[in-house]
Amino acid sequence: MAKEFQVTFDCADPAALAAFWAEALEYQVQPPPEGFADWAAALTAWGVPPEQHNSRSAISDPDGKGPRVFFQKVPEGKTVKNRVHLDVRSAPGLKGDARMEALEVEAARLEALGAKRLYRLEPDGIDEGIIVMGDPEGNEFCLD
């Protein structure tokens, strides 16, 4: 039986990065525990100091199929290229111009949310084209 896993991002602003990726992946930010109106109320009730309220966040697939994505605050910023990255499957089944047009639409949507286009690789007869992006904190990902 396959193991479950979550993907974890080290970041400066867990709440903001979770909100970006929830939109990008069509996920939802993890709701607060039952009995609490929001996370601030839960964390305050548990004695977490206000300055630590944005130390972590998580998102999940509303259909329960994809992995949970966890965001944890770290003191250092990103300095080098990711060794692992996400491929966001934005044009499954499409080829050629139709594929690249679909990727461009998704790139524009994500740029409006704070992502940055890094570069575009054109279809070359062997590989389909992709658009390489950076999330709001510079983590690379591919629109595939």
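The paragraphs below set out a description of the structure included in this document. (Residues numbered from 1 in each chain as written. Predicted model: local features only at pLDDT ≥ 70, side-chain atom pairs only at ≥ 80, totals over all residues. Heavy atoms only, no water.)

A few words on the pairing of strand β7 (residues 130–134). The buried fraction of β7 is high, at five of five residues. Here β7 shows no split at all, with Ile 130, Val 132 and Gly 134 on one side and Ile 131 and Met 133 on the other all buried. With five bridges connecting them, strand β6 (residues 116–121) and β7 associate as antiparallel partners. Residue Arg 117 lies in a different strand from β7, and its bridge partner there is Met 133. Examined bridge by bridge, β7 and strand β8 (residues 140–143) share four bridges and lie antiparallel to one another. By the bridge assignment for β8, Val 132 is matched with Cys 142. Between β7 and β8, which pair antiparallel and follow one another directly, the connecting turn spans five residues, one of which, Gly 138, has a positive phi of 90°. (Buried < 20%, exposed > 50% of the residue type's maximum accessible area, 1.4 Å probe, protein only. Helix = DSSP H or I, 4+ residues; strand = E, 2+ residues; numbered from the N terminus. Pairing = 2+ DSSP bridges.)

This part covers the sheet that holds β7. The strand order across the open sheet formed by four strands is β5-β8-β7-β6, and the pairing between neighbours is mixed. Across the chains shown, the open sheet's two edge strands, defined by having one partner strand only, are β5 (86–88) and β6. Averaged over all adjacent pairs, the angle separating strand axes in this sheet is 25°, with direction ignored. In this fold helix α1 (residues 14–25) packs onto β5 and β8, with an angle of close to 45° to the strand it touches most, β5. Relative to β7, helix α3 (residues 96–112) is tilted by about 10°, and along the sheet it contacts β6, β7 and β8. (Axes fitted to C-alpha atoms, helices over the stretch in contact; angles between N-to-C directions. Contact = heavy atoms within 4.5 Å.)

Taken together, four strands build an open sheet; the order of strands is β1-β4-β3-β2 and the sheet is mixed. Sheet topology places β1 (6–11) and β2 (28–29) at the edges, where each strand pairs with a single neighbour. Strand direction decides the pairing type here: strand β3 (residues 56–60) and strand β4 (residues 68–73), joined by four bridges, are antiparallel. Each residue of the ladder has a partner; that of Ser 57, found in β4, is Phe 71. Across the sheet, α1 touches β1, β2, β3 and β4, and the angle it forms with β3 is around 10°.

Here we come to the packing of aromatic side chains. Following the criterion strictly, the structure yields seven aromatic pairs and no others. Judged by centre distance (5.5 Å) and plane angle (35°), the ring pair of Phe 9 and Trp 21 falls under tilted. With Phe 9 in strand β1 and Trp 21 in helix α1, this pair connects stretches of sequence that are 12 residues apart. Judged by its relative accessible area of 9%, Phe 9 is buried. For the pair Trp 21 and Phe 141, a centre-to-centre distance of 4.8 Å together with 70° between the ring planes defines the contact as edge-to-face. Of the two residues, Trp 21 is situated in helix α1 and Phe 141 in strand β8; the sequence distance between them amounts to 120 residues. With relative accessibility at 0%, the residue Phe 141 sits in the buried group. (Phe/Tyr/Trp six-rings, centres within 6.5 Å; stacked < 30°, edge-to-face > 60°.)

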